[in-house]
Amino acid sequence: MTDLIELQKNFINKRFGTFIHFNSASVQFQTGPVIDWEYGCENDGTPRRFPFLPLDWNPDQLDCAQWAKIAKSAGCRFAALTAKHHEGFALWPTDYSRHSVRYAACTTDVVEAYLNAFRQAGIEAGLYFSILDLTAQIGQRSCTDSQKELIKGQITELLTNYGEIPFLITDGWNAQWGGPSYETLPFEEIDSLVKSLQPNCLLMNIGCSDSLAGTDVIFYENAAGQEVSGAFQGPGIACNKLTRTWFWRSTDPDAVLADARWVQEKTENYFPMNCSFMLNLSPNPHGRIDQNQADAFAEIGKTIVLPPPLTTLPEGWLRR
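Residue positions within a chain follow its written sequence, with the count starting from 1. Confidence filtering applies because this is a predicted model: local features only for residues at pLDDT of at least 70, side-chain atom pairs given and counted only at 80 or more, and all residues used for totals across whole chains, interfaces and linings. Only hydrogens and water are set aside when side-chain values are computed; all heavy atoms of the structure are taken into account.

Remarks on the UniProt feature "domain: Glycoside hydrolase family 29 N-terminal" (unreviewed entry) in the protein
Stage number 1. UniProt positions are given in the numbering used here, feature names are shortened, and annotations may be inferred rather than shown by experiment. Cross-referencing UniProt, the feature "domain: Glycoside hydrolase family 29 N-terminal" (unreviewed entry) maps to residues 6–302 in the present numbering.
Stage number 2. Across residues 6–302, helical content stands at 28% and strand content at 15%; the span's end C-alpha atoms are separated by 30 Å. Numbering of helices and strands runs from the N terminus; a helix is a DSSP stretch of H or I covering at least four residues, while a strand is a stretch of E covering at least two.

Next comes the structure, spelled out in structure tokens:
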């Protein structure tokens, strides 16, 4: 087992990566509100308006190698895929739920395809997993023993069946936007499970921007307004997107995207504070990334400047 500080330092030295949002929300929400998930269902108790049927999942042109090529063109050194987002659809054939690719129109194990493609491209490939699960009704109001069994069972599958996973990003957990609290589902309970399965796997919780008490790396959802302070010295990561939403919308192929200069400004701000940066890619329902996103990433690759590796830790580096 590698020392936690060494794992954190190694991750920060990756500096720049991509956050691939591809799941049920890539199909849902193509008309109506501009949203990535049903926030009101979790936070206001409103009835679900956009239930998702596995048979509606059919990425008939899935090309994870294309995703990896585009990420590589921007200089990305790491990546994360939304293996399960807040809606609860699993991109792998989980044994713990019928809400997965096993019962979809296209039964391809997307997690496996993604990991294979990015590993072959030399990009460190991690996963994202939402604790909040609207379909399983796991959230602020409910996290029973049987629901915890689903959470732990699915995390165990992801960390057992696919080889080395360098980091697992969690979300919808003790977050201002919803999910179980640490009182209901303690961080230590999941962290101990992760470390028992893969001792060198960093557990990073989105929205945990105050201390390392509930994460291995301070995580800022920059697109939700979470910003790094000028005094911060690491370890941290921030994520943002080029389009209006994290997941693909039918208007995206013709959208004007944030440009390379904006990304450069972000990284020039974050990198000196030992905060890595993840930039989103959103494949369309067929499983391919649109040309305008591919062009934007290629342009970013021409302008982004990655600093030399961090060899000694600054005095302000956060420790447990």
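Section: the packing of aromatic side chains
Stage number 1. Aromatic contacts are taken between Phe, Tyr and Trp rings whose centres are within 6.5 Å, Trp giving its six-membered ring; a plane angle under 30 degrees counts as stacked, one over 60 as edge-to-face, and the others as tilted. Overall, the coordinates contain 18 aromatic pairs when judged by the stated rule.
Stage number 2. Centroid distance Trp 37 to Tyr 39: 5.5 Å. Interplanar angle 65°. Geometry classified as edge-to-face.
Stage number 3. Working definition: with a 1.4 Å probe on protein chains only, accessible area under 20% of the residue-type maximum means buried, over 50% means exposed, and in between means partly exposed. A relative accessible area of 12% means that Trp 37 is categorised as buried.
Stage number 4. Ring centres 5.7 Å apart and planes at 35° place the aromatic pair Tyr 270 and Phe 277 in the tilted group. Grouping residues by exposure puts Tyr 270 and Phe 277 together as buried.
Stage number 5. Among the aromatic side chains, those forming a connected cluster through ring pairs are Phe 22, Phe 52, Trp 57, Trp 67 and Phe 89.
Stage number 6. Two thresholds decide whether a charge sits over a ring: the Lys NZ or Arg CZ must be within 6 Å of the ring centre and within 35 degrees of the ring normal. Taking NZ or CZ as reference, Arg 98 lies 4.1 Å from the ring centre of Tyr 103, over its face.

With respect to the pairing of strand S4 (residues 167–171)
Taken residue by residue, a regular strand's side chains alternate between the two faces of the sheet.
Stage number 1. Of all 5 residues in S4, 5 are buried; the element is thus mostly enclosed.
Stage number 2. Every second residue of S4 is oriented toward a common face, with Phe 167, Ile 169 and Asp 171 on one face and Leu 168 and Thr 170 on the other, all of them buried.
Stage number 3. For two strands to count as paired, DSSP must find a minimum of two bridges between them. Both strand S3 (residues 124–130) and S4 contribute to a ladder of 4 bridges, which runs parallel. Considered in S4, the bridge of Phe 129 is made with Thr 170.

A short note on unusual backbone geometry
Stage number 1. Of the consecutive residues Gly 234 and Pro 235, the connecting peptide bond is found in the cis state with omega at 0°.
Stage number 2. In this fold, Pro 235 is placed in the loop between strand S6 (218–221) and strand S7 (236–240).
Stage number 3. Here Phe 29, not a glycine, exhibits a phi torsion of approximately 65°, which is positive.
Stage number 4. If you trace the backbone, Phe 29 turns up in the loop between strand S1 (16–20) and helix H2 (39–43).

Some points on the nonpolar core
Stage number 1. Phe 16, Trp 67, Tyr 114, Phe 118 and Ile 155 are the most contacted members of the largest nonpolar core, which has 75 residues in total.
Stage number 2. No other element matches the 6 residues that helix H4 (residues 110–120) contributes to this core.
Stage number 3. Not counting chain neighbours up to four residues away, the residues in contact with Tyr 114 comprise Ile 20, Cys 64, Trp 67, Ala 79, Ala 80, Leu 81, Ala 125, Gly 126 and Leu 127.
Stage number 4. In this description, a nonpolar core means a group of buried Ala, Val, Leu, Ile, Met, Phe, Trp, Tyr and Cys residues linked to one another through side-chain atoms lying within 4.5 Å. Counting residues in hydrophobic clusters, the runner-up holds 30 residues, among them Phe 78, Leu 134, Val 217 and Met 278. Residue contacts are defined here by distance: any two heavy atoms, one from each residue, within 4.5 Å place the two residues in contact.

Topic: the sheet that holds strand S2 (residues 78–84)
Strand pairing within a sheet occurs via backbone hydrogen bonds; the two strands may be parallel or antiparallel.
Stage number 1. Read from one edge of the open sheet, 8 strands run S5-S4-S3-S2-S1-S8-S7-S6, paired in parallel fashion. Looking at strand neighbours, the two that pair on one side only are strand S5 (202–205) and S6, the edges of this open sheet. Sheet twist, expressed as the mean angle between neighbouring strand axes with direction ignored, is 25°.
Stage number 2. Where S1 lies against strand S8 (residues 275–281), 5 bridges are found, and the strand directions are parallel. In the sheet register, Ile 20 faces S8, and the bridge partner there is Leu 281.
Stage number 3. The sheet contacts of helix H8 (residues 291–303) involve S1 and S8, and relative to S8 the element is tilted by about 155°. With axes taken as lines fitted to C-alpha atoms, and helix axes fitted only over the stretch in contact, angles between N-to-C directions fall between 0 and 180 degrees.

Section: the pairing of S2
Stage number 1. Extensive coverage of S2 is indicated by the burial of 7 of its 7 residues.
Stage number 2. Pairing between S2 and S3: 6 bridges, direction parallel. Of the residues in S3, the one forming a bridge with Leu 81 is Leu 127.

What to know about the environment of Ile 206
Stage number 1. Mapped onto the fold, Ile 206 is located in the loop between S5 and S6.
Stage number 2. Overall, Ile 206 belongs to the buried group, its relative accessible area being 3%.
Stage number 3. In this structure, the C-alpha to C-alpha distance between Ile 206 and Asp 171, residues 35 residues apart in sequence, is 5.2 Å.
Stage number 4. With sequence-adjacent residues up to four places away left out, Ile 206 is seen in contact with Phe 19, Tyr 128, Ile 169, Thr 170, Asp 171, Trp 177, Phe 219 and Glu 221.

Here we look at helix H7 (residues 260–270)
Stage number 1. Of all the residues in H7, the buried ones are Ala 260, Val 263, Gln 264, Lys 266, Thr 267 and Tyr 270. Along the axis of H7, the buried residues cluster in a sector spanning 160°; they form a single face.
Stage number 2. For H7, the secondary structure elements touched by its buried residues are S1, S7, S8 and H8. This arc describes the spread of directions from the helix axis toward the C-beta atoms.

Observations regarding the layout of surface pockets
Stage number 1. By volume, the largest pocket amounts to about 420 Å³.
Stage number 2. Around the largest pocket, the lining is made up of 22 residues, and of these Asp 36, Trp 37, Glu 221, Ala 224 and Trp 246 lie nearest the centre.
Stage number 3. Under the convention adopted here, Pro, Cys and the residues Ala, Val, Leu, Ile, Met, Phe, Trp and Tyr are nonpolar, Asp, Glu, Lys and Arg are charged, and Gly plus all remaining residues are polar. Among the residues making up the lining of the largest pocket, the classes are represented as 13 nonpolar, 4 polar and 5 charged.
Stage number 4. For the second largest pocket, the lining is made up of 14 residues, of which Asn 174, Gly 207, Cys 208, Ser 209 and Asp 210 are closest to its centre.
Stage number 5. When its residues are assigned to classes, the lining of the second largest pocket shows 5 nonpolar, 8 polar and 1 charged. Using only the protein atoms, space was sampled on a 1 Å grid; points where a 1.4 Å probe fits but cannot get out form cavities, open sets with protein on both sides within 12 Å along at least five of seven lines form pockets, and lining residues are those with an atom within 4 Å of a point. Grid points are joined across faces, edges and corners, and a volume is the space filled by probe spheres set on the points.

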